[in-house]
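Breakdown of the fold
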Amino acid sequence: GCSLMLSALIMLFAMHYDSKEEEDDEKGTVFRNTFILIPMFIYIGGYQIGFGPITWLTMAEIFPLRIRGQAVAMAVQLNFLLNAIVQFSVPLLQNAIGLSNTFGIFAVLTAYSIYFIYQNVLETKGLTLEVIEAKYTESYHNKNSSTSL
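Here, residues in each chain are numbered from 1, in the same order as that chain's written sequence. Whole-chain, interface and lining totals are the exception, using all residues; otherwise, since this is a predicted model, local features are given only for residues with pLDDT of at least 70 and side-chain atom pairs are given and counted only at 80 or more. With hydrogens and water set aside, each side-chain value is computed from the structure's full complement of heavy atoms.

Some remarks on the overall build of the chain
- Helix and strand definitions follow DSSP, with helices as H or I runs of at least four residues and strands as E runs of at least two, each counted in order from the N terminus. For the chain, the count of helices and strands is seven helices and zero strands.
- Counting from the amino terminus, helix and strand elements in the chain follow one another as α-α-α-α-α-α-α.
- Per-residue burial for the chain yields a buried fraction of 24% across its 149 residues.
- Throughout, a contact is declared for two residues whenever any of their heavy atoms are within 4.5 Å. Here the analysis covers contacts within the chain between residues at least 6 apart in sequence; of these, 65% occur between residues at least 24 apart.
- Per element, the accessible surface of the chain, about 10600 Å² overall, is 67% carbon and sulfur. Burial classes: relative accessible area under 20% of the type maximum marks a residue as buried, over 50% as exposed, and values in between as partly exposed (1.4 Å probe, protein chains only). Computed by Shrake-Rupley with a 1.4 Å probe, the accessible areas treat only the displayed protein chains as cover when residues are assessed.

Rendered as structure tokens:
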């Protein structure tokens, strides 16, 4: 799913790269605007099977049981705040650096997110919350002990 998102962002970057906003060719504009829907649908589909579930499942599983309720509530609010910041920053980025570069930035961030997920998010399928908590605690201690050597 995340790879689909990255592919769609790269397609959008390429489609807008070196394109002028004020095109005189109406047929070209109509074709480009119609063709842009394909990577947009790919992105949405990728999000639905990638980052969408990862975000919500990780928020529900990552916190220790004793603080889970409050921590998930805070994480959800932070998620909504950051989504709003992204939503309001897109037009500012588009005006400042152009649409192609905006998609390029999001592609780079998505690529880093894929790397981060593979490095830091544990597979939790079929595990109880207690086992997940123990695995995250063990992973945390292993990473801290290896960096302090």
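Let's talk about the layout of surface pockets
- The definitions used throughout rest on a 1 Å grid laid over the protein atoms alone, on which a cavity is an enclosed set of points accommodating a 1.4 Å probe that cannot get out and a pocket is an open set flanked by protein within 12 Å on both sides along at least five of seven lines; lining residues are those having an atom within 4 Å of a point. Grid points are joined across faces, edges and corners, and a volume is the space filled by probe spheres set on the points. Space inside the largest pocket adds up to approximately 1300 Å³.
- Lining the largest pocket we find 35 residues, and of these Tyr47, Phe51, Thr55, Asn79 and Asn83 sit closest to its centre.
- The greatest single-element share of the lining of the largest pocket, amounting to 10 residues, is contributed by helix H6 (residues 99–120).
- Each residue gets one label: Ala, Val, Leu, Ile, Met, Phe, Trp, Tyr, Cys and Pro are nonpolar, Asp, Glu, Lys and Arg are charged, and the others, such as Gly, are polar. Among the residues making up the lining of the largest pocket, the classes are represented as 26 nonpolar, nine polar and no charged.
- What the second largest pocket holds in volume is close to 280 Å³.
- Every residue lining the second largest pocket is counted, 14 residues in all, and those nearest its centre are Ile54, Val121, Leu122, Glu123 and Thr124.
- Per element, the largest residue contribution to the lining of the second largest pocket is five residues, and it comes from helix H4 (residues 51–61).
- Considering only residue class, the lining of the second largest pocket consists of nine nonpolar, three polar and two charged.

Structural notes on the packing of aromatic side chains
- Classification of ring pairs rests on two measures: the distance between centres of Phe, Tyr or Trp rings, Trp counted by its six-membered ring, which must be within 6.5 Å, and the angle between planes, read as stacked under 30 degrees, edge-to-face over 60 and tilted in between. Tallying each qualifying case throughout the model produces three aromatic pairs.
- Relative to Tyr115, the ring of Tyr112 lies with its centre 6.2 Å away and its plane at 40°, an arrangement referred to as tilted. A residue pair is termed a helical-turn pair when its members lie 3 or 4 positions apart in one helix, as Tyr112 and Tyr115 do in helix H6 at three residues.
- With centroids separated by 6.3 Å and ring planes inclined at 40°, the aromatic side chains of Tyr112 and Phe116 adopt a geometry described as tilted. Of this pair, Tyr112 and Phe116 both sit in helix H6, four residues apart, which is roughly one turn of the helix.
- Through a chain of ring-to-ring contacts, the aromatic side chains of Tyr112, Tyr115 and Phe116 assemble into a single cluster.

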